[in-house]
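# Observations on the model geometry
Spelled out, the chains give:
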Amino acid sequence: MRRLFLATCLALAVPGLARAADCGGDFGTFVAGLKAEMRAGGLSAAQADAFFRGVRQDARVLRADRGQGVFRKDFLAFSASVISQNRLTNGARMATKYATVFDRAERSYGVPRGILLAFWGLETDFGAVQGDFSTRDALVTLAHDCRRPDLFRPQVLAAARLSARGDFDPARSRGAWAGEIGQVQMLPADILVNGVDGDGDGHVDLKGSVPDALLSGAKMIAGMGWRAGEPWMQEIIVPADLDWRQTGLNHAFSTADWARMGVRARTGALAPGQGSVLLPMGRKGPAFMVYPNFQVLFEWNKSFVYVTSAAYFATRLEGAPRLDPRTPEPGLSAEQMKALQARLTARGHDVGKIDGILGEKTREAVQAEQARLGLPADAWPTAALLNRL
């Protein structure tokens, strides 16, 4: 479930990782090309041969890559499926058990424990479920596949560098289907750039060392642009007559302005600064004020529903009450969403891939069409909008 980070950008920062993305063709020839690239990047022939010994394509990886239907759930359904009372209880227990590590992460990188706990919990259930795919085989399979070779080819080369320094075993390392490693699920190029030896043993071990995993995750989030000491999300109450056209991640105002529009925090007060009103299921559903740090989380995972759920989970882990679900209007099925995306595309909107997933591009297009048609422009697609289009 971990997001696929901008690995190509990271690769450019690591000598020997960047190159044009070759893919497809005979698998043995493809691997030979990777070996040659590794040698050109400074690894020995023996190191390259050892890294690829026993490598194979994994058809399960390709099936997983093409079947990420979980992100088609709406926010309430998705968040309910990933935020259980057991996870909240375990999160509180982990916060206490590793308090000194979380203190160090916040002191060094400015990332609060709620955020780290949320990703740790959602990615691997606090380290309990780290995946059972061969990391090396998964990365090589995805690099050979011609869907996203520019993302995965640098990851193979990064994994080889980790192997050469003793921080990755290509024959035994196992993780998620997309090649993410360890308790917070980081890709090899991420580890090269952001890996932290948190326990002082001379190695970066994201699978077995909690300090290494949490501090590495904190360093990466800080590098994405996290602003220390600032909030990311809080639940709000919105007035029935709010100008819905001003809501959404593409509209931001000072919280003082929002307060003048009738928006108020459900508990406490709105934080000072700029914020956006986020209505993940429209004006009749849950409502949040989200701050600049919320946008940073999309560098961890591009899925709107995942990021919103992770941010909400982080607030719960820091003591916020359970949200008020209210009574949102029924949404669309996956097939209806695809039909909507096709109609939006036909009207000139860029919704990205027509995949039945309500992402941010689709939400912005929905809001624009709602405004054009005189409907409440809350970015929540309904059957009424589909019929009007």
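Just so you know, these numbers come straight off a predicted model, no measurement behind them.

Calculation criteria
- Per chain, residue numbering runs from 1 following the sequence as it is written.
- In keeping with the model being predicted, local features are shown solely for residues with a pLDDT of at least 70 and side-chain atom pairs are shown and tallied solely at 80 or more, while totals for entire chains, interfaces and linings include all residues.
- By convention in this description, side-chain values take in all heavy atoms of the structure and omit both hydrogens and water.
- Helical segments are the DSSP runs of H or I of at least four residues, strand segments are the runs of E of at least two, and each set is numbered from the N terminus.
- In protein, a polar contact means a hydrogen-donor-capable atom and an acceptor-capable atom, both N or O and within 3.5 Å, with residues adjacent in sequence counting only if both atoms are side-chain atoms; elsewhere, any N or O pair within 3.5 Å suffices.
- Here's how the labels work: a residue is buried when its accessible area is under 20% of the maximum for its type, exposed when over 50%, partly exposed in between, all with a 1.4 Å probe on protein chains only.
- Think of the arc as the fan of directions from the helix axis to the C-beta atoms.
- The contact definition used throughout considers only heavy atoms, calling two residues in contact when any of these lie within 4.5 Å.
- The salt bridge definition used is simple: a Lys or Arg side-chain nitrogen within 4 Å of an Asp or Glu carboxyl oxygen.
- Two rings from Phe, Tyr or Trp (for Trp, the six-membered ring) form a pair when their centres sit within 6.5 Å of each other. Planes less than 30 degrees apart are called stacked, planes more than 60 degrees apart edge-to-face, and all others tilted.
- Domain limits in this description derive from either an automatic procedure or a database domain assignment.
- Buried area: the accessible surface (1.4 Å probe) lost by two parts on joining, summed over both.
- Three residue categories are used. Nonpolar comprises Ala, Val, Leu, Ile, Met, Phe, Trp, Tyr, Cys and Pro, charged comprises Asp, Glu, Lys and Arg, and polar comprises the others, including Gly.
- Here a cavity denotes grid points, spaced 1 Å and computed from the protein atoms alone, that fit a 1.4 Å probe unable to get out, and a pocket denotes an open set having protein on both sides within 12 Å along at least 5 of 7 lines; residues with an atom within 4 Å of a point are the lining.
- Grid points are joined across faces, edges and corners, and a volume is the space filled by probe spheres set on the points.
- The set of buried Ala, Val, Leu, Ile, Met, Phe, Trp, Tyr and Cys residues whose side-chain atoms join them within 4.5 Å is what this entry labels a nonpolar core.
- UniProt positions are given in the numbering used here, feature names are shortened, and annotations may be inferred rather than shown by experiment.
- Strand pairing follows a simple DSSP-based rule, namely that at least 2 bridges must link the two strands.
- Axis angles are defined between N-to-C directions and span 0 to 180 degrees, where every axis is a line fitted to C-alpha atoms and, for a helix, only to the segment in contact.

If you trace the backbone, Glu 123 turns up in helix α8 (residues 113-124). A polar contact is formed between the side chain of Glu 123 and the side chain of Trp 300, at a distance of 2.9 Å.

Non-glycine residue Asp 125 carries a positive phi angle of around 55 degrees. In this structure, Asp 125 sits in the loop between α8 and β1 (133-134). Look at Asp 125 and you get partly exposed, because its relative accessible area is 26%. Despite not being glycine, Gln 185 has its phi angle at roughly 55 degrees, a positive value. Here Gln 185 shows up in the loop between β2 (174-175) and α11 (188-194). When its relative accessible area of 3% is taken as the criterion, Gln 185 is described as buried.

Let us now look at helix α7 (residues 99-109). Of all the residues in α7, the buried ones are Val 101, Phe 102 and Ala 105. Buried residues of α7, viewed axially, fall in a sector of 100 degrees; they line one side. Seen from the open side of α7, the exposed residues pointing more than 90 degrees away from its buried face are Thr 100 and Arg 107. Lining the buried residues of α7 we find α6 (85-97), α8 and α12 (210-223). Downstream of α7 by a residue or two, Gly 110 has a phi angle that is positive, lying close to 80 degrees.

A word on the pattern of salt bridges. Pairing between side chains becomes possible if they bear opposite charge and their charged atoms approach one another. On inspection of all chains with the given rule, the structure shows 25 salt bridges. The shortest N-O distance in the salt bridge between Arg 60 and Asp 58 comes to 3.4 Å. With relative accessibility at 3%, the residue Asp 58 sits in the buried group. A cluster of three or more residues bridged by salt bridges with shared partners is formed by Asp 65, Arg 66, Asp 145, Arg 147 and Arg 148.

Before going further, it helps to spend a moment on the packing of aromatic side chains. Under the defined criterion, the tally for this structure stands at 14 aromatic pairs. Consider the rings of Tyr 98 and Trp 120, whose centres lie 5.9 Å apart with planes at 65 degrees: the pair is edge-to-face. Here Trp 120 lies in helix α8 and Tyr 98 lies in the loop between α6 and α7, a separation of 22 residues in the sequence. Of the two residues, Tyr 98 and Trp 120, both sit in the buried class.

For the rest of this paragraph, the subject is the environment of Phe 304. With respect to the helices and strands, Phe 304 occurs in helix α15 (residues 304-317). Its relative accessible area of 5% is what places Phe 304 among the buried residues. On a C-alpha basis, the gap between Phe 304 and Phe 75 in space is 8.8 Å, while along the polypeptide they are 229 residues apart. Every residue in contact with Phe 304, bar those within four places of it in the chain, is listed here: Leu 249, Leu 278, Pro 280, Phe 298, Leu 358, Gly 359, Glu 360 and Arg 363.

Moving on, we get to the domain arrangement of the protein. Domain boundaries assigned for the protein yield domain 1 (233-318) and domain 2 (334-388). Look at where the C-alpha atoms of domain 1 and domain 2 centre, and you get two points 21 Å apart. If you look at the interface, domain 1 gives twelve residues, while domain 2 gives eleven residues. Both faces combined, the contact of domain 1 with domain 2 buries some 1000 Å², and carbon together with sulfur accounts for 55% of it. For the interface between domain 1 and domain 2, the tally reads one salt bridge. A salt bridge links Arg 283 to Asp 378; its shortest N-O distance comes to 3.2 Å. Along the lines of polarity and charge, the residues of the side of domain 1 that touches domain 2 split into six nonpolar, four polar and two charged.

Here the second largest pocket is characterised by a volume of approximately 340 Å³. In this structure, the second largest pocket is lined by 15 residues; those nearest its centre are Met 233, Gln 234, Glu 235, Thr 315 and Ala 320. Of all elements in the fold, only β3 (233-237) and α15 reach the threshold of two or more residues within the lining of the second largest pocket. Top element by residues in the lining of the second largest pocket is β3. It accounts for three residues. Among the residues making up the lining of the second largest pocket, the classes are represented as nine nonpolar, three polar and three charged.

Grouped burial of nonpolar side chains is what soluble globular proteins tend to show. Membership of the largest hydrophobic core comes to 100 residues, with the highest contact counts inside it found for Met 38, Phe 52, Ile 115, Trp 120, Val 140, Val 156 and Phe 294. Residue contributions to this core peak at ten residues, all from α15. Counting residues in each nonpolar core, the second largest holds 14 residues, with Trp 244, Trp 258, Ala 265 and Tyr 291 among its members.

On to the UniProt feature "domain: Peptidoglycan binding-like" (unreviewed entry) in the protein, then. Taken from the UniProt record, the annotation "domain: Peptidoglycan binding-like" (unreviewed entry) applies to residues 334-389. Secondary structure content for residues 334-389 is 59% helix and 0% strand, and the end C-alpha separation is 17 Å.

Okay, the sheet that holds strand β5 (residues 264-265) next. Read from one edge to the other, the open sheet built from five strands follows the order β4-β6-β7-β3-β5, with strand pairing classed as antiparallel. Two strands close off the open sheet at either side, each with one partner strand: β4 (253-254) and β5. Summarising the sheet, strand β6 (residues 274-278) and strand β7 (residues 288-290) pair through three bridges and their orientation is antiparallel. Bridge pairing in β7 links Val 277 to Met 289. Against the sheet, α15 makes contact with β3, β6 and β7, and its axis sits at roughly 90 degrees relative to β3, the strand it touches most.

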